Amino acid sequence: MPLPGPRMLDDLAIRARQNVGLVTAVLLFCILYLLYNLSHPKGFSPAVLVQNGDEIFALAMLAMAQTVPVLMSGLDLSVGAVMTMVACFASYLLTGAPEGTPLHLEIFGLYVGLGTFPGGIAGILLGMAVCVAIGTFSGFINGCVVVYGRIQPIIATLATGAVYIGIALFLRPTPGGKIDEDLNWAMTNSLGDFASTVHILDDGAAAWFAPFAWIPVPFVLLVLIALVVWLPFRRSVLGRAVYAVGSAEGAAYMSGLPIDRAKIAAFTLAGFFAGCGGLFLAIQTSSGNADIPQAGAYTLNSIASVVIGGTSLLGGTGGAIGSIFGAMILRVISFLFRIFDIAPLLQPLFEGLILLAAVSIGALRVLRVRNTLELFR
Amino acid sequence: MTTASLRLSRDDRPILIAALFILVILVAGTVYTFARFGSAPLLSPTYLLQQLQIGAFLGIVSAGMMIVILIAQIDLSVPWTLAAAAMMATSIGGPLAIPVGLGVGLLVGLFNGIGVAYLRVPSMIFTLGVNAVMRGLMVAHTGGYAPQTAATELMQTLASERTFGTPNALFVWAVVSVLVAVTLQRTPLGRYIYAIGNKEAAAYLAGVDTRRVTVICFMLCGLTAALAGVLLAGYSTKAYQGMGDAYLLPSIAAVVIGGTNILGGRGRYLGTLVGVVLIVLLNSILSIMDMPEAGRQVIYGLVIIFMLLVYGRGERVTS
């Protein structure tokens, strides 16, 4: 281990400057979350942590989903719709009935039996895989429409989002469905509860496991997905191509990067993340609900999270980790409203003002610009 | 006459195709209603005028939205600008109702414009925040309930009465349309708008005060949203929560279906007009068919993709 010499400090300073958005978001989150826990009567307790984790997960996933298209200077207005659609599928596939779930389609009075979806543990695992696959596939379709249809991402995903919401409404015209109770319990509580529900590690009583038993499952999932999916993608050729397309598409093309594949990969990955979010939302609420305003709110909040997390809407800089913190900041702010007993009527106003303040801080850049032309990027 | 003048320009092709598609909708809808009910409401002027009257609100919102899209920005604050204008107009009442409502729209537009043009915050996120703030202000103002105050006589007359058998709302839409079309085609401001949409830096170097023009565009968009809100409040005799939510995405869709480039700088107002009529007719046919909301959303999305596949395809970036 070399001593932190001047060169290493320089290196750190450069890295901090390159990730100033991420660092700011992390610091802001830490301050807000500390404030929250200090003022919460049961602050710093695992119960509060579990509750927060459940409320944060879906938005954090959507924020990651939104990050990837934004990095290549696109935008995905369908993430909320994909989440809602996947949640509606999940409310059919994850019932956990031991004898399986019979599925059928009814279109204009036509009744088509689709066989029985397997039940039990195998059925639940298969169902979760199918749900994530549906999300990924809808992202892939978005990518194909953008790349082969050559339609601007914002308007293409606006249209596909309407289609996905339509499918969700078709599946669940009224809220309903059911999710296996054990699955709900295992996924939305601490690691200890997870272990005792799925009967591993001596039902969670293994001695070495005790120090970790309090960690909420959603946080573990979030870290796992970030480490196993996002970081390898970012380091892959496709991931770098996504950043390159966001910085300068022409230059990326001239450098021989696989632009089309990068774009499709970006939207597919967004679909995967949104699908994970939808799956968790269904498990958490134990039902499927084709709620259009909720889908819209999640999409818009995902954009806000991305911006607060330090990713430029112009593309090319930032990352999904920052967006996770952006999502957590947004959520902690609404937790704080509950703590400080701010009248629910005033909450939307404060949310909007905080969002405006956050994005306007980035505007300080304008003051440093010497040549006005630099403004018009 | 040479063949060159007969060939359609790049901007006219979408308008023509969208107009043809309207005909297709009309014919298909008439065949459907004739087969099922033995009548053809889509061909009766009364029915069409009634549909267009409802479409006028969308048309007015789309006119402002188009101006903002032409300078390569977007205004997501339209829903609550519209609702705020309607709520303020009804709660003020009296002869000042309409000026106050429109003033609210101008103010919101000014605020949007300053944030986007001078602070250089991307419009996508800034107007989103302004929308949330307006919603917050209105929820705090009304207590979250539908306001009890009623629209004034003048607002109701403008929105739901008829003159010479034609709904007044259509006249308002026509006036807005003429003003916007003339501004875009015949005034320096219109030229600046297209120039900024193509390349803001170039417009700046050519001596255009691009930031001031951007502010003006957002103010115009706020003004049209407010006008639509005032009229909509007159049409339903009062303002209500979330009255603008149904206008944001359709107005963007109408502008884009009409051939305006979502990246700015290209598009004709006639196209937006055609786009609005297309969406209004599509909606009315789907409701004649008793299409459930699920089917509506799917068809809506597919139509947008289909129209853009026909004429909205961008060029590949190759340099």
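It should be emphasised that the depicted structure is a prediction, and the values quoted were computed from it without experimental measurement.

S.K.: Outline the overall build of chain A, supporting the account with residue identities and numerical values.
M.R.: Across its full length, chain A holds 17 helices and two strands. Over its C-alpha atoms, taken along the principal directions, chain A stretches across nearly 70 × 55 × 50 Å. The buried share of chain A, reckoned over its 377 residues, is 46%. Once local pairs closer than 6 in sequence are excluded, the contacts in chain A between residues at least 24 apart make up 74%.

S.K.: Now, about the overall build of chain B: what can you tell me, with residues and values included?
M.R.: Of the regular secondary structure elements, chain B holds 14 helices and two strands. In terms of overall size, chain B behaves like a compact globule, its C-alpha atoms giving a radius of gyration of 20 Å where 319 residues would be expected to give roughly 20 Å. The principal-axis extents of the C-alpha atoms in chain B amount to approximately 60 × 60 × 40 Å. Relative to its full complement of 319 residues, chain B shows a buried share of 50%. Long-range contacts, defined as pairs at least 24 residues apart, comprise 76% of the intrachain contacts of chain B with a sequence gap of at least 6.

S.K.: Pulling in residues and values, what's your account of the interface of chain A and chain B?
M.R.: At the junction of the two partners, chain A supplies 46 residues and chain B supplies 45 residues. Secondary-structure elements contributing two or more residues to the side of chain A that touches chain B are helix 6 (153–171), helix 12 (249–254), helix 14 (292–308) and helix 16 (347–361) of chain A. Looking at the side of chain A that touches chain B, the element that brings in the most residues is helix 6 of chain A, giving 13 residues. Here the side of chain A that touches chain B is composed, by residue class, of 35 nonpolar, eight polar and three charged.

S.K.: How would you summarise unusual backbone geometry if you had to cite specific residues and measurements?
M.R.: Positioned with a positive phi, Ser73 of chain A is a non-glycine residue whose angle comes to about 55°. Classification of Ser73 of chain A as partly exposed rests on a count of 18 C-beta atoms within 10 Å. Positive phi, close to 60°, is recorded for Asp290 of chain B, a residue that is not glycine. Residue placement: Asp290 of chain B occurs in the loop between helix 13 (269–288) and helix 14 (293–311). C-beta crowding within 10 Å serves as the criterion here: with 8 such atoms nearby, Asp290 of chain B is assigned to the exposed category.

S.K.: Describe the confidence of the model for chain B, naming the residues involved and giving the relevant values.
M.R.: Regions with low pLDDT carry predicted coordinates that are not meant to be interpreted in detail. Residues and elements named next belong to chain B. Confidence along chain B averages 86 in pLDDT terms, with 96% of residues attaining 70 or more. By mean pLDDT, the top-scoring element of chain B is helix 11 (residues 210–235) (92), and the lowest-scoring one is helix 1 (residues 3–6) (48). Considering only residues more than four positions removed or in separate chains, one finds that residues 1–5, a stretch of pLDDT under 50, has one contact.

S.K.: Give me the lowdown on the packing of helix 4 (residues 78–92) of chain B against helix 5 (residues 97–118) of chain B, citing residues and values where you can.
M.R.: All names here are of chain B. One can describe the packing of helix 4 onto helix 5 by two numbers: an axis separation of 8 Å at closest approach and a directional angle of 150°. Taken together, helix 4 and helix 5 sit at an angle that is classed as roughly antiparallel. Here helix 4 runs over helix 5; the crossing is right-handed. Residues Thr81, Ala84, Ala85, Ala86, Met88, Ala89, Thr90 and Ile92 of helix 4 form the contact with helix 5, whose own contacting residues are Ala97, Ile98, Val100, Gly101, Leu102, Val104, Gly105 and Val108. Taken together, the residues of the contact of helix 4 with helix 5 break down into twelve nonpolar, four polar and no charged.

S.K.: Which residues make up the environment of Gln156 of chain B, and what are the values?
M.R.: All names here are of chain B. Looking at where Gln156 falls in the secondary structure, it is placed in helix 7 (residues 153–160). What makes Gln156 partly exposed here is the crowd of 18 C-beta atoms within 10 Å. Measuring from C-alpha to C-alpha, the distance between Gln156 and Ser236 comes to 8.1 Å, with 80 residues separating the pair along the chain. Setting aside residues up to four positions removed in sequence, Gln156 forms contacts with Ala151, Gly234 and Thr237.

S.K.: Please set out the nonpolar core residue by residue, giving values where relevant.
M.R.: Ala60, Met61 and Met83 of chain A together with Leu82, Ala85, Ala86 and Val230 of chain B are the most contacted members of the largest nonpolar core, which totals 212 residues. Sequence-distant contacts of Ala85 of chain B, defined by excluding residues within four places in its chain, comprise Gly101, Leu102, Val104, Gly105, Ala225, Ala226, Gly229 and Val230 of chain B.

S.K.: Go over the environment of Leu189 of chain B with me, naming the residues and quoting the values.
M.R.: Residue and element names in this part refer to chain B. With respect to the helices, strands and loops of the structure, Leu189 is situated in helix 9 (residues 188–198). It is 24 Å that separates the C-alpha atoms of Leu189 and Pro99, two residues lying 90 residues apart in sequence. Contact partners of Leu189, with chain neighbours within four places excluded, come to Thr183, Val213 and Ile216.

S.K.: Just give me the short version of the packing of helix 5 (residues 120–148) of chain A against helix 13 (residues 259–285) of chain A, but keep the residues and values in it.
M.R.: Residue and element names in this part refer to chain A. Running from N to C, helix 5 and helix 13 cross one another at 145°; their axes reach a closest spacing of 7 Å. Judged by the sense of rotation from one axis to the other, the crossing of helix 5 with helix 13 is right-handed. Of the residues that constitute the contact of helix 5 with helix 13, the class distribution is 18 nonpolar, ten polar and two charged.

S.K.: Can you break down the confidence of the model for chain A residue by residue, with the values?
M.R.: In this model, chain A carries a mean pLDDT of 86, and residues with pLDDT of at least 70 account for 97%. Per-element confidence in chain A ranges from a low mean pLDDT of 70 for helix 9 (residues 201–204) of chain A to a high of 94 for helix 13 of chain A.

S.K.: Can you tell me about the environment of Thr214 of chain B, naming the residues and giving the values?
M.R.: All names here are of chain B. Turning to its location among the elements, Thr214 is positioned in helix 11. Thr214 gets classed as buried once you count the C-beta atoms within 10 Å, which come to 25. Taking C-alpha positions, Thr214 is 8.1 Å from Ile193, a pair spaced 21 residues apart along the chain. Not counting the four nearest positions on each side in its chain, Thr214 is found in contact with Ile71, Gly113, Val116, Ala117 and Ile196.

S.K.: Explain helix 9 of chain B residue by residue, including any values.
M.R.: Residue and element names in this part refer to chain B. The complete set of buried residues in helix 9 reads Tyr192, Ile193, Ile196 and Gly197. Within helix 9, the buried residues cover an arc of 130° as seen down the axis, which keeps them to one side. In this structure, the buried residues of helix 9 make contact with helix 3 (45–70), helix 8 (168–186), helix 10 (200–205) and helix 11.

S.K.: Can you explain helix 13 of chain A? Please cite residues and give values.
M.R.: All names here are of chain A. Taking 1.5 Å per residue, 27 residues should reach 39 Å; helix 13 reaches 39 Å between its end C-alpha atoms and fits that length. With 23 of its 27 residues buried, helix 13 lies for the most part within the structure. Positive backbone phi, approximately 60°, marks Ser286, located one or two places after helix 13.

Calculation criteria
Residues numbered from 1 in each chain as written. Chains lettered and ligands numbered in written order. Predicted model: local features only at pLDDT ≥ 70, side-chain atom pairs only at ≥ 80, totals over all residues. Helix = DSSP H or I, 4+ residues; strand = E, 2+ residues; numbered from the N terminus. Buried ≥ 20, exposed ≤ 12 C-beta atoms within 10 Å, placed from the backbone. Contact = placed C-beta atoms within 7 Å. Rg over C-alpha atoms; globule rule 2.2 N^0.38 Å. Nonpolar A, V, L, I, M, F, W, Y, C, P; charged D, E, K, R; others polar. pLDDT = per-residue confidence, 0-100. Axes fitted to C-alpha atoms, helices over the stretch in contact; angles between N-to-C directions. Parallel < 35°, antiparallel > 145°, perpendicular 65-115°, else oblique. Left-handed = near helix turned anticlockwise from the far one by under 90°. Core = buried A, V, L, I, M, F, W, Y, C linked by C-beta atoms within 7 Å. Arc of directions from axis to C-beta. Expected span 1.5 Å × (residues − 1).

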